[in-house]
Amino acid sequence: MKRKIMLVLVLLLALSASFALYAVPSTFGIGSVNYYSYYDLEAGNYENFTPGLRGEFFISDFLGVSADAIVTYSIPEYEYYEMVYMIDVVLRAPLGLLEPYIATGPAYRGVIAGDYSSPEEEAFAYNVRAGLDLNIIDWLSLGIETNFLVDDVAEFFEAMADSTSEEIANAIKNYSLIGITAKVKF
């Protein structure tokens, strides 16, 4: 029995090492992100999504920056769009086929109405996201991620300090966005 376990562990280690040798990390990527709220996914409401664009630049195999522009609400016939812009520091593990990552950074909310644009009253926010890309081919990946976007970090943690575990779980569901990504990598 111990030999079988040892053989399985050696095979897993060899497979992991071969993925790491295969990894050719990209330097630049551009793609789309479509976010859903936790409750929309739970209800099967796939038509109510939040579209966005992302650009990424990696200064090393593991460290990079990304910029997102996400449309949170729109009335196209009146040229009215509520947006969130995010600049994140990204840490990734380029393992070949799979590429897990985490990112964090500030976010900025704004409104675009025709030729006019302005910040919202509470313009600054903060986000943390984590995800996994599946590198289908060298230049194309599909992925899934969760993004935790909080408008007022201090207020959020103050509210969480006095909350029950059920209230904390509900707050995490309220603030989380689950995203599906498609990226072209260079």
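As shown above, the structure is provided for reference.
Counting restarts for each chain, with residues numbered from 1 along the sequence as it is written. Predicted model: local features are reported for residues with pLDDT of at least 70 only, side-chain atom pairs are reported and counted for 80 or more only, and whole-chain, interface and lining totals are derived from all residues. Heavy atoms throughout the structure, all of them, feed into the side-chain values; hydrogens and water do not.

**Q** I tried to follow the side chain of Asp68 on my own but got confused; where do I start?
**A** In this text, helices come from DSSP runs of H or I with a minimum length of four residues, and strands from runs of E with a minimum of two, each type numbered from the N-terminal end. Considering the arrangement of structural elements, one finds Asp68 in strand β3 (residues 63-75). For every residue, the accessible area obtained with a 1.4 Å probe (protein chains only) is divided by the maximum for its type, and the residue is called buried under 20%, exposed over 50%, and partly exposed between those limits. Residue Asp68 is classed as buried on the basis of its relative accessible area of 4%. A distance of 2.8 Å separates the side chain of Asp68 from the side chain of Arg54, its partner in a polar contact. Note on definitions: a residue-residue contact is assigned when non-hydrogen atoms from the two residues lie within 4.5 Å. Not counting chain neighbours up to four residues away, the residues in contact with Asp68 comprise Tyr35, Leu53, Arg54, Val84, Tyr85, Met86 and Arg129. Within 3.5 Å is the distance limit for a polar contact, defined as a pair of N or O atoms, with the added protein rule that one can donate a hydrogen and the other accept it, and that residues adjacent in sequence qualify only through two side-chain atoms.

**Q** What is the right way to read the nonpolar core from this model?
**A** Across soluble globular proteins, you tend to see nonpolar side chains buried next to one another. Residues belong to a common nonpolar core when they are buried Ala, Val, Leu, Ile, Met, Phe, Trp, Tyr or Cys residues joined through side-chain atoms within 4.5 Å. Core analysis: the largest hydrophobic core is formed by eight residues, namely Val33, Tyr35, Ile70, Val84, Met86, Ala107, Ala125 and Leu149. Not counting chain neighbours up to four residues away, the residues in contact with Val84 comprise Asp68, Ala69, Ile70, Thr72, Ala107, Tyr108, Arg109 and Leu149.

**Q** Mind showing me how you'd approach a negative patch on the surface here?
**A** In this analysis, a patch consists of residues with relative accessible area above 30% that form no salt bridge, clustered at 9 Å for like charges and at 5 Å for the nonpolar side chains Val, Leu, Ile, Met, Phe, Trp and Tyr. Accessible surface is estimated by sampling points in the Shrake-Rupley manner with a 1.4 Å probe; for residues, cover comes only from the protein chains shown. Any Lys or Arg side-chain nitrogen located within 4 Å of an Asp or Glu carboxyl oxygen qualifies as a salt bridge. Under this rule, positive means Lys or Arg and negative means Asp or Glu; His and the chain ends count for nothing. To locate a charge, the coordinates of NZ of Lys, CZ of Arg, CG of Asp or CD of Glu are taken. A surface patch of negative charge is lined by Asp152, Glu155, Glu158 and Asp162. The topology assignment puts Glu158 in helix α3 (residues 153-161). With a relative accessible area of 57%, Glu158 lands in the exposed category.

**Q** Teacher, can you tell me more about the pairing of β3 here?
**A** A regular strand carries its side chains on alternate faces of the sheet. Strand pairing is assigned whenever DSSP identifies at least 2 bridges connecting the two strands. Where strand β2 (residues 50-58) meets β3, seven bridges bridge the pair, whose relative direction is antiparallel. In the strand pairing of β3, Leu53 is matched with Ala69. Joining the antiparallel neighbours β2 and β3 is a turn of four residues. When β3 meets strand β4 (residues 80-92), the two strands line up antiparallel, connected through 12 bridges. Among the inter-strand pairings, Ala69 is bridged to a residue of β4, identified as Tyr85.

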